[in-house]
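A structural walkthrough
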Amino acid sequence: MRDFRPDDAEAVVRVLREAIPPLLTTAEAQVWEAEHTPEAARHRVLVAEADGEVVGRCQTGLAHESPTPGNAYVNTYVRPDRRGRGVGTALVEAAEARLRGLGAARAYSWVLGDGRSLAYAGRRGYAPRRSAHFLRLDLTAPLPPLPEVPPRVELVPCTVFEDDPRPVFELDAAVTADEPSDVGAELDDYTDWLETTWGHPCQSRELATLAVVDGRPVAFSAVATDGVSRMSSATTGTLREYRGRGLASLAKTATLHKARAAGLREAFTGNDAGNAPMLAVNRRFGYEICATEVRHVRELG
């Protein structure tokens, strides 16, 4: 085991794609994330190397955006052909020891929803909390037509706010605060958001769509893409006072049409399993569940 190095990026992407295919990432993103995570997160990426190749990856650190102190994360994936040989255990034990040294009280982990992975998490002392689904949409199939845009509403790409992204940050912060989560997050650092979200190499400001009312972004559909054939809906949401008008659905429809026109062939998204309204919206688009993860927690005391 050792720390991640930039020349590990392609091998780490292989681990992630084989372990959880709907997860969108690139080698560039792996390097960028390792270099741009906020210092407060004490973020670290560990890799397991066997027979001269990287076969496992563990991402760990403090949940610095959580309003509850002591929360941390341990997300571990092992290449399927290398499971059952102690690779994951070695990574998890090293991550937990590090988190204890940082004073973390509890570790949250996303665990694949298959029986083998869930049983392993239970043996490690992790208790299940909530589950989330990955959903896939075939962009080569017919899409719902773009609805009529309501009066006073304008659909624009995020590039419109290149000179001053703060209104987009304020919208993102409001939507994030309302997302269901065990840990919770408060986006209150604009400089950090500019670097880690707005500046992320997978984010596509051209494909992302904002619904704007009187010059103010009130709903959006953010997009990450591998630049080849896949996209993932990063966040979709609406300010509370504008909900119930179909604006998020409108923005997402526009985004999907733009993505298909750009030559992308697959769209992925993620939903909390208990978020029935958003699951229903995505089913109307034609998304189908393709994988599930279960959030687990272990007390580190």
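Rules behind the numbers
- Residues numbered from 1 in each chain as written.
- Predicted model: local features only at pLDDT ≥ 70, side-chain atom pairs only at ≥ 80, totals over all residues.
- Heavy atoms only, no water.
- Helix = DSSP H or I, 4+ residues; strand = E, 2+ residues; numbered from the N terminus.
- Buried < 20%, exposed > 50% of the residue type's maximum accessible area, 1.4 Å probe, protein only.
- Contact = heavy atoms within 4.5 Å.
- Areas by Shrake-Rupley, 256 points an atom, 1.4 Å probe, with all protein chains shown as cover.
- Salt bridge = Lys/Arg side-chain N within 4 Å of Asp/Glu carboxyl O.
- Core = buried A, V, L, I, M, F, W, Y, C linked by side-chain atoms within 4.5 Å.
- Pairing = 2+ DSSP bridges.
- Axes fitted to C-alpha atoms, helices over the stretch in contact; angles between N-to-C directions.
- UniProt positions renumbered as here; feature names shortened; annotations may be inferred.
- Arc of directions from axis to C-beta.

As for the overall build of the protein
- Along the protein, the regular secondary structure elements total eight helices and 12 strands.
- Principal-axis analysis of the C-alpha atoms gives the protein an extent of 60 × 40 × 35 Å.
- Counting only residues that meet the buried cut, the protein has 50% of its 301 residues in that class.
- At a minimum sequence separation of 6, the contacts of the protein that also span at least 24 residues come to 73%.
- If you sum the accessible surface of the protein, you get close to 14000 Å²; carbon and sulfur atoms cover 49% of it.

Remarks on the pattern of salt bridges
- This model, assessed by the stated rule, comprises 21 salt bridges.
- Across the salt bridge formed by R14 and E18, the nearest N and O atoms sit 2.8 Å from each other. On the criterion of helical spacing, the pair formed by R14 and E18 is a turn pair, its members being four residues apart in helix α1 (residues 9-19).
- Using a relative accessible area of 34% as the deciding quantity, one classes E18 as partly exposed.
- Look at the salt bridges and you will find they share partners, linking R14, E18, D51, E53, R79, D81 and R82 into a network.

Things to note about the nonpolar core
- One finds V168, W193, L210 and L247 to be the most contacted residues of the largest nonpolar core, which totals 26 residues.
- Looking at this core, the elements with two or more residues in it are β7 (153-157), α5 (166-177), α6 (190-198), β8 (209-213), β9 (216-225) and α7 (247-261).
- No other element matches the five residues that α5 contributes to this core.
- Of all hydrophobic cores here, the second largest spans 19 residues; its members include L46, A72, V74 and V87.

Side note on the sheet that holds strand β10 (residues 230-238)
- On the basis of which strands lie adjacent, the open sheet formed by 12 strands has the order β1-β2-β3-β4-β5-β12-β6-β11-β10-β9-β8-β7 and mixed pairing. Two strands bound the open sheet, and with one partner strand each, they are β1 (2-3) and β7.
- The pairing of β1 with strand β2 (residues 44-50) spans two bridges and is antiparallel. From the neighbouring strand, R2 faces β2, where its bridge partner is V47.
- Strands β5 (106-112) and β12 (288-299) of the sheet are contacted by helix α4 (residues 115-123), whose axis makes an angle of about 160° with β5.

Side note on the UniProt feature "domain: N-acetyltransferase" (unreviewed entry) in the protein
- According to UniProt, the "domain: N-acetyltransferase" (unreviewed entry) feature falls on residues 1-142 and 153-301.
- Across residues 1-142, helical content stands at 32% and strand content at 32%; the span's end C-alpha atoms are separated by 46 Å.

Some points on the pairing of strand β3 (residues 53-62)
- Judged by how many residues are buried, β3 sits mostly within the fold: nine of 10 residues are covered.
- Where β2 and β3 come together, seven bridges link them in antiparallel fashion. Across the sheet, V45 pairs through a bridge with Q59, a residue of β3.
- If you look at the hairpin formed by β2 and β3, you'll find two residues sitting between the two strands, and D51 has a positive phi there, around 55°.
- Relative to strand β4 (residues 71-78), β3 runs antiparallel, the two being bridged by seven bridges. Paired with T60 across the strands is V74, a residue of β4.

What to know about helix α8 (residues 276-285)
- Among the residues of α8, those classed as buried are M278, L279, V281, N282 and F285. Down the axis of α8, the buried set is contained in an arc of 160°. They therefore lie on one face. Those residues of α8 that are exposed and angled more than 90 degrees off the buried face are P277 and R284.
- Of the residues flanking the end of α8, it is G286, one or two places downstream, whose phi is positive at about 110°.

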